[in-house]
Amino acid sequence: MIAQVSLAILLSLSAVALTAGFVDAHGGGLDAHGCHHDHKNGGYHCHQGPFAGQSFASKSEMLAALEARTQLPRVFSPHL
């Protein structure tokens, strides 16, 4: 009985130790847009928000893309 419990604990700890290496976390805090500067590789990338998973050369490039995305499309009206 004690051997089975010990084996179960050992297997559980081994599974946790083996899978922990696959996580690619970093300590960069996200701004209000869900993005941050990538000091290691350069640039600016997003984890959350409308651009989640996308990278930009700079924050200003992302803000320009966000502004373009949020502008209302102009509708052609011959009566105006």
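In what follows, the structure referred to is the one given above.
Residues numbered from 1 in each chain as written. Predicted model: local features only at pLDDT ≥ 70, side-chain atom pairs only at ≥ 80, totals over all residues. Heavy atoms only, no water.

Enquirer: Would you mind showing me how to read the side chain of D38 here?
Expert: Assignment of secondary structure puts D38 in the loop between β1 (35-37) and β2 (44-46). Here D38 sits buried without a salt bridge, and the closest side chain of opposite charge, K40, lies 7.5 Å off (N-O distance). Within the structure, the side chain of D38 is placed 3.2 Å from the backbone nitrogen of N41, a separation counted as a polar contact. When sequence neighbours within four positions are dropped, the list of residues in contact with D38 reads G43, Y44 and H45. (Helix = DSSP H or I, 4+ residues; strand = E, 2+ residues; numbered from the N terminus. Buried < 20%, exposed > 50% of the residue type's maximum accessible area, 1.4 Å probe, protein only. Lys, Arg positive; Asp, Glu negative; His and termini not counted. Salt bridge = Lys/Arg side-chain N within 4 Å of Asp/Glu carboxyl O. Polar contact = N/O pair within 3.5 Å; in protein donor to acceptor, adjacent residues only side chain to side chain. Contact = heavy atoms within 4.5 Å.)

Enquirer: Hey, could you run me through the state of the cysteines in this one?
Expert: Linking two cysteines covalently via their sulfur atoms produces the bond known as a disulfide. Applying the stated criterion across every chain yields a total of one disulfide. Paired through a disulfide, C35 and C46 show a sulfur-sulfur distance of 2.0 Å. One quick way to see it: the torsion about the S-S bond of C35 and C46 is about 95°, and its sign makes the bridge right-handed. Note that C35 is positioned in strand β1 and C46 in strand β2, a separation of 11 residues in sequence. C46 gets classed as buried once you look at its relative accessible area, which sits at 4%. (Disulfide = S-S within 2.5 Å.)

By themselves, these observations are geometric and do not establish any function.
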